[in-house]
Amino acid sequence: MTRRTHTEPAATSRPQSGTSPDTAPPSPTDHFPVVGIGTSAGGLEALEQLFGNAPSDTGMAFVVVQHLDPTHEGMLPELLQRATGMKVIQAADGLHVERDHVYVIPPNKDLSILRGVLQVIDAPPGRAPRLPIDTFMRALADDQRERSVGVVLSGMGSDGTLGLRAIKAMAGLTLVQDPRNAKFDSMPRHAIDSGMADIVAPAGELVPRLVETVRHIQHRRPQTSPEAPSRESALDKIILLLRSRSGQDFSLYKRNTLYRRVERRMHLHQFGHLADYAHYLRENPHELDLLFKELLIGVTNFFRDPAAWTSLRQQALPELLAQCQDGDVMRAWVVACSTGEEAYSLAMTFREALDDAKRAGRVTLQIFATDLDPDAIDRARHGFYPANIAADVTPERLARFFVEEPGGYRVRKEIREMVVFAPHNVTMDPPFTKLDILTCRNLLIYLGPELQAKLMPLFHFSLNPGGVLFLGSAEAIRRYSDLFTPIDNKARLFRRSNGSLRAVDLDFPSKKPAAVRAQAGPRPPAPVANLQGLADKLLLQRFAPAAVLVNGEGDILYINGRTGKYLEPAAGKANWNVFAMAREGLHHELMVCLPRVLRDGGTIVRPGVDVDTNGGTQRIDLTVHRIDSPLPLRGMAMIVFQDVPPARAGDGAVAASGGQRVEELEAALKRAHEELQAAREEMQTREEELRSANEELQSTNEELQSTNEELTTSKEETQSLNEELQTLNNELQSKLDELSLASDDMKNLLNSTEMAIVFLDGALQVRRFTPPLTRLFKLIPSDVGRPLSDVVTDLDYPKLHQDAQEVLRTLVFMEKQVPSRDGRWFQVKIVPYRTADNVIDGVVITFIDVTAAKNRETAARRAGPGDKGHATGS
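Source: prediction; values computed, not measured. (Residues numbered from 1 in each chain as written. Predicted model: local features only at pLDDT ≥ 70, side-chain atom pairs only at ≥ 80, totals over all residues. Heavy atoms only, no water.)

Undergrad: Explain the overall build of the chain here, please?
TA: From N to C terminus, the chain includes 22 helices and 29 strands. Per-residue burial over the chain gives 43% buried out of 874 residues. Carbon and sulfur atoms make up 53% of the accessible area of the chain, which amounts to about 46,100 Å² in all. (Helix = DSSP H or I, 4+ residues; strand = E, 2+ residues; numbered from the N terminus. Buried < 20%, exposed > 50% of the residue type's maximum accessible area, 1.4 Å probe, protein only. Areas by Shrake-Rupley, 256 points an atom, 1.4 Å probe, with all protein chains shown as cover.)

Okay, here's the thing in structure tokens:
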């Protein structure tokens, strides 16, 4: 997130995906950050903590994207309004974001943003996994670039991780709730494990930390022109610290990219100047590691720019496959592969192209995928990715090329075996060669012109004639159109042409780092002439013999005098090794003397050595001396060439030395033979050790394979058991539905009869009763489980308990009429309670009010005798 010192014009169109952050047009909201906040449906508590500690004048706009029930009416704006003084509204299509406002995603919608205007999109139909947080944060990164901020709060799954990655690629800020304080820690943990979190803190501390960081950026002192040299010097020091720590050289990367990435880390620690941050780096190696990760910009996803991958499958690969014979193995190199998504995308696309050409299994592809970051390489080898890759991978590809596991997807074994991952620096390490496909996507945009000019010829050298070069959407071949011809210019697919590659253009990578740019400043004054020094220099040039200083490998480090008669440059690429440059006659002597001197020490003199010159022979005395002091030169050797005057050519001493030379050569040959024999024996011993180790590895591999088969069998059995449990669960649910329906029917039946009924269990405790029973017994719902005899009743029926026990004992129903204390009469019927299995499990007692019938019977009984006497008297 870099400071802008002036207002920039609004963008007229959305930037292309994959463009460099340094060249992207600004958004109309570039004067204040836009914050995307992601959480799940259970994240209300985290949101209240987040906004509860937020000031009402943050100077930022907030967009809340929550996993919502599509059928549930959204109440989040009203709930959040209680926690913050900022205005909270539900997002609407075409709404322009404003500072100090909070916008909430509507239910069953996806949200995007274009030129500072919210775009509400209908959620896709079907049951495919929705990733609304990733969707919005990616759009936010494209639109607001370095002014984008991503926040991931409590939630299940991994939604939001890819969105944070996109924001970080644009130099935006990323914040994550501390998983220890999250109700659901899955989303925060995925974000932190991916290395995408700049700030990790409890939800209540995130907005204050964010406001503090943004205000530091906006109010830091501008870098005025007089300070520019010191700013350059500080950046150069940081580059040197990185090179010392990681072994990687960033001096030829684009300076704008380096400044943006370094300043981003600098602002997180609230340093005002690069020099202060450089001093902090010297004292904190861990921060150097974080800065190294920051500069790698490891942003990638499966099938990035889908149209380009379609063109690769339909145009480039069919032509390559048409040139292959059955059984051929094609080779590919994926440069800057990051965590492996692009390498696996290439493997999947190749498999699909094989199917299209109906050559499945007859041509194979070996992919070499490399990156600077060893941690990214390790993750790529595992081939496990979060569930949110479903946003980039079609359901058909997920089903064919991935295995679903808890927490995500793993690339199938047959795809993983197509790719070999290795740490590699394309600018410093030797390249892969004899390639059919080379992909280098979205790396060149971060490199300076010098490195780009170095890599394009190198790519031409690495590819076979007709090989395919696949670049990123913002990259081009520029002035190397004679080396590559376009297959699909829009997709950035090129074919290696047979154009001649000039030797001056081909610069093989070297571990020697580029020199850090020189500092501008006044030239130092010329040194005062020293007569002794000038005299020594003249003596060395005119009268001292020709000599070279070499290291232990024979590389020439220093030359004194004219050595052209003895040494000459070898043809081809420049090679300053003394063995490669030695003329005929001298080469063998050096091969014998130099290793012996370096091993045994001392000095070896070879008099009368004949050296072939241009059209003649020159006899010289060769001296090889190992240097033991001074300390900086220890382990090196000085080789001196001294011409033999013609008068000495016929001396007897020279002739006598010939025999001595033969003896020395024979001794050296014998010693070399003995060393060779010892080396052979050592090699045989090592071969036996390797063979033994290989057998152990094979045995271990068989054990692992057996274990894997057992695990696979267990997995299949578990899956089968899971299916059975699922079937039983469905049946149980069906039974529960039927039981619930029967229970409802019985309840309605009993309520409709207006009869007083009580159900007692085997211990004569209340199991269930109908509401009319409460007119006879003082029962309430909590009395279920109590003995009926403990409940107060209006019936004058002291033997009710004994009669119920008698029915349980004899299984014969009992029926009688009993009065109540208020003068009513009830017909009491006690019958056994039978289950569906014909098991007696209690009794059912029915109370029917027969007061009216009893009263009629009593009246009839009283009126009977009087009526009879009256009749007799008549």
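Undergrad: Could you clarify how one ought to interpret a nonpolar patch on the surface in this entry?
TA: A cluster of nonpolar side chains, Leu732, Leu736 and Leu739, forms an exposed patch at the surface whose accessible area comes to about 290 Å². Within the secondary structure layout, Leu736 lies in helix H20 (residues 652–753). Relative accessible area serves as the criterion here: at 42%, Leu736 is assigned to the partly exposed category. (Patch = residues over 30% accessible without salt bridge, like charges linked within 9 Å, V, L, I, M, F, W, Y side chains within 5 Å. Salt bridge = Lys/Arg side-chain N within 4 Å of Asp/Glu carboxyl O.)

Undergrad: Help me understand the packing of aromatic side chains in this model?
TA: How two aromatic rings sit relative to each other is set out by the distance from centre to centre and by the angle between their planes. Within this structure, the stated rule accounts for 14 aromatic pairs. For the ring pair Phe302 and Tyr385, a centre distance of 5.0 Å and an interplane angle of 80 degrees mean the geometry is edge-to-face. You can see Phe302 sitting in the loop between helix H10 (285–296) and helix H11 (306–322) and its partner Tyr385 sitting in strand E12 (residues 384–386), a full 83 residues away along the chain. In terms of burial, Phe302 and Tyr385 fall into one category: buried. (Phe/Tyr/Trp six-rings, centres within 6.5 Å; stacked < 30°, edge-to-face > 60°.)

Undergrad: How should I be thinking about the sheet that holds strand E24 (residues 637–643) in this particular structure?
TA: In a beta sheet, neighbouring strands pair by backbone hydrogen bonds and run either parallel or antiparallel. Across the sheet, which stays open at both edges, the five strands sit in the order E21-E20-E24-E23-E22 with antiparallel pairing between neighbours. A single partner strand is all that each edge strand has here, and the edge strands are strand E21 (556–560) and strand E22 (603–613). Averaged over all adjacent pairs, the angle separating strand axes in this sheet is 20 degrees, with direction ignored. Alignment of strand E23 (residues 616–626) against E24, held across seven bridges, turns out to be antiparallel. Bridge pairing in E24 links Asp621 to Gln642. Across the sheet, helix H19 (residues 587–600) touches strand E20 (546–550), E22, E23 and E24, and the angle it forms with E23 is around 10 degrees. (Pairing = 2+ DSSP bridges. Axes fitted to C-alpha atoms, helices over the stretch in contact; angles between N-to-C directions. Contact = heavy atoms within 4.5 Å.)

Undergrad: What is the right way to read the environment of Leu50 from this model?
TA: Within the secondary structure, Leu50 is located in helix H1 (residues 44–52). The class of Leu50 is buried, set by a relative accessible area of 1%. When sequence neighbours within four positions are dropped, the list of residues in contact with Leu50 reads Ile37, Leu153, Ala203, Leu206 and Val207.

Undergrad: Sorry if this is basic, but what is going on with the environment of Ser481 here?
TA: Relative to the assigned elements, Ser481 resides in the loop between strand E17 (463–471) and strand E18 (484–488). Between the alpha carbons of Ser481 and Phe494 there is a distance of 9.6 Å; along the sequence they are 13 residues apart.

Undergrad: Hey, could you run me through the pattern of salt bridges in this one?
TA: Any two side chains of opposite charge can pair, given that their charged atoms come close. Tallying each qualifying case throughout the model produces 28 salt bridges. A salt bridge links Asp355 to Arg400, with the shortest nitrogen-to-oxygen separation between them at 2.5 Å. Taken as a pair, Asp355 in helix H12 (residues 341–357) and Arg400 in helix H14 (residues 395–401) lie far apart in primary sequence, 45 residues in all. The class of Asp355 is partly exposed, set by a relative accessible area of 32%. Under the relative-accessibility criterion, Arg400 is labelled partly exposed at 37%.

Undergrad: So what exactly am I meant to see when it comes to the sheet that holds strand E29 (residues 840–849) here?
TA: Read across the open sheet, the five strands follow the order E26-E25-E29-E28-E27; overall the sheet is antiparallel. Where the open sheet ends on each side, the last strands, each with one partner, are strand E26 (766–769) and strand E27 (814–819). Here the strands of the sheet are splayed against their neighbours by 20 degrees on average, with no regard to which way each runs. Across eight bridges, the pairing between strand E28 (residues 825–834) and E29 is antiparallel. For Pro832, the partnering residue across the bridge sits in E29 and is Val843.

Undergrad: Can you walk me through the environment of Asn284 in this structure?
TA: Tracing the sequence through the fold places Asn284 in the loop between helix H9 (274–283) and H10. Polar side-chain contacts of Asn284 include one of 2.8 Å to the backbone oxygen of Tyr280. (Polar contact = N/O pair within 3.5 Å; in protein donor to acceptor, adjacent residues only side chain to side chain.)

Undergrad: Honestly, the packing of H9 against H10 in this entry has me stumped. Any pointers?
TA: A packed helix pair is summarised by two numbers, namely the angle formed by the two axes and the spacing between the axes. In contact at an axis separation of 5 Å, H9 and H10 are set at 115 degrees when each is read in the N-to-C sense. What the angle tells us is that H9 and H10 run roughly perpendicular. Where H9 approaches H10, its residues Tyr277, Tyr280, Leu281 and Glu283 are matched on the opposing element by Pro285, Glu287, Leu288 and Leu291. Its residues placed into classes, the contact of H9 with H10 shows six nonpolar, no polar and two charged. (Parallel < 35°, antiparallel > 145°, perpendicular 65-115°, else oblique. Nonpolar A, V, L, I, M, F, W, Y, C, P; charged D, E, K, R; others polar.)

Undergrad: How should the pairing of E18 be read in this particular structure?
TA: Here is the key point about a regular strand: its side chains alternate between the two faces of the sheet. Across four bridges, E18 lies against strand E19 (residues 493–496) in antiparallel orientation. Following the sheet pairing, Pro486 is matched in E19 by Phe494. In this antiparallel pair of consecutive strands, E18 and E19, the connection spans four residues, and Arg492 shows a positive phi of 60 degrees.

Undergrad: I'm lost on unusual backbone geometry in this one. Help?
TA: Generally, phi is negative for residues other than glycine and the peptide bonds are trans, each holding for most cases. Residue Pro630 follows Ser629 across a cis peptide bond; omega there is 5 degrees. Position of Pro630 relative to the elements: it lies in the loop between E23 and E24. Located in the positive-phi region is Arg115, a residue other than glycine, with phi close to 55 degrees. Looking at where Arg115 falls in the secondary structure, it is placed in the loop between strand E5 (109–114) and strand E6 (117–122). Here Ala336, not a glycine, exhibits a phi torsion of approximately 55 degrees, which is positive. Counting through the fold element by element, Ala336 comes out in the loop between strand E10 (329–334) and H12. Residue classification places Ala336 among the partly exposed residues on the basis of a relative accessible area of 29%.

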